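Understanding the architecture of this molecule
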Amino acid sequence: MAIERTFSIIKPDATRRNLTGAVNAVIEKAGLRIVAQKRILLTTAQAETFYAVHRARPFFGDLVAFMTTGPVVVQVLEGEGAIAAYRDVMGATNPANAAEGTIRKLFAESIEANSVHGSDSAENAAVEIAQFFAQNEIVG
Ligand code: ADP
Ligand code: MG
């Protein structure tokens, strides 16, 4: 399998509970490398752009509001098959369905406040990384 990069967000429910390091420990234990990282406050416009694919869903407004309630940590993760590997480490969207040891099983509060985002395809990873990082901010 190839070395890939994927985009991650540690969401406001996790930063509020001071879990950035705990989430990062799970990421690193899974063999993924954090090759870019910054803590930011998303604007409503940034959150709407980021989740544009979900704009017709009933939870879109609540999701955008939640993502702007506090700091997030945006990250680029690198590793063998990183896109699928991170989806595995994250666990199911609804923490009630997440497997033992996954980030969402360990930390998520609800289906919305589920602690992390991870890209779902190579195409989306490239788009999402480019929304938040310049090439020279990513150091593998
Ligand atoms: P994932 O983050 O696992 O890729 P989706 O792309 O389907 O999940 O949804 C994006 C985000 O929208 C989820 O991580 C979660 O924060 C929120 N979300 C998804 N489904 C619901 C729902 N039924 N109710 C409230 N929020 C939801
Ligand atoms: Mg998704």
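Residues numbered from 1 in each chain as written. Chains lettered and ligands numbered in written order. Predicted model: local features only at pLDDT ≥ 70, side-chain atom pairs only at ≥ 80, totals over all residues. Heavy atoms only, no water.

Note the threshold: UniProt positions are given in the numbering used here, feature names are shortened, and annotations may be inferred rather than shown by experiment.
The name recorded for the protein in an unreviewed UniProt entry is Nucleoside diphosphate kinase, from Azorhizobium oxalatiphilum. The annotation that UniProt attaches to the protein under Sequence similarities (unreviewed entry) is "Belongs to the NDK family." Here is the UniProt Subcellular location (unreviewed entry) comment for the protein, exactly as written: "Cytoplasm".

Some points on the pattern of salt bridges
Cut-off, in case you're wondering: Salt bridges are identified by distance alone: a Lys or Arg side-chain nitrogen within 4 Å of an Asp or Glu carboxyl oxygen. The helix and strand labels rest on DSSP assignments: H or I over at least four residues marks a helix, E over at least two residues marks a strand, and numbering proceeds from the N terminus. Only protein chains enter the accessibility calculation, which uses a 1.4 Å probe. A residue is then buried if its area is under 20% of the maximum for its type, exposed if over 50%, and partly exposed in between.
Counted by the stated rule, this structure contains 6 salt bridges. Measuring nitrogen to oxygen at the nearest pair gives 3.0 Å for the salt bridge that ties E109 to R16. Remark: R16 occurs in helix α1 (residues 12–16) and E109 occurs in the loop between α6 (103–107) and β4 (116–118); sequence separation between them is 93 residues. Of the residues examined, E109 reaches a relative accessible area of 41% and is grouped as partly exposed. Since its relative accessible area comes to 56%, R16 is described here as exposed. As a salt-bridge pair, K105 and E100 come within 3.7 Å of each other at their nearest N and O atoms. Assessed through its relative accessible area of 36%, K105 is described here as partly exposed. For E100, a relative accessible area of 68% puts it in the exposed group.

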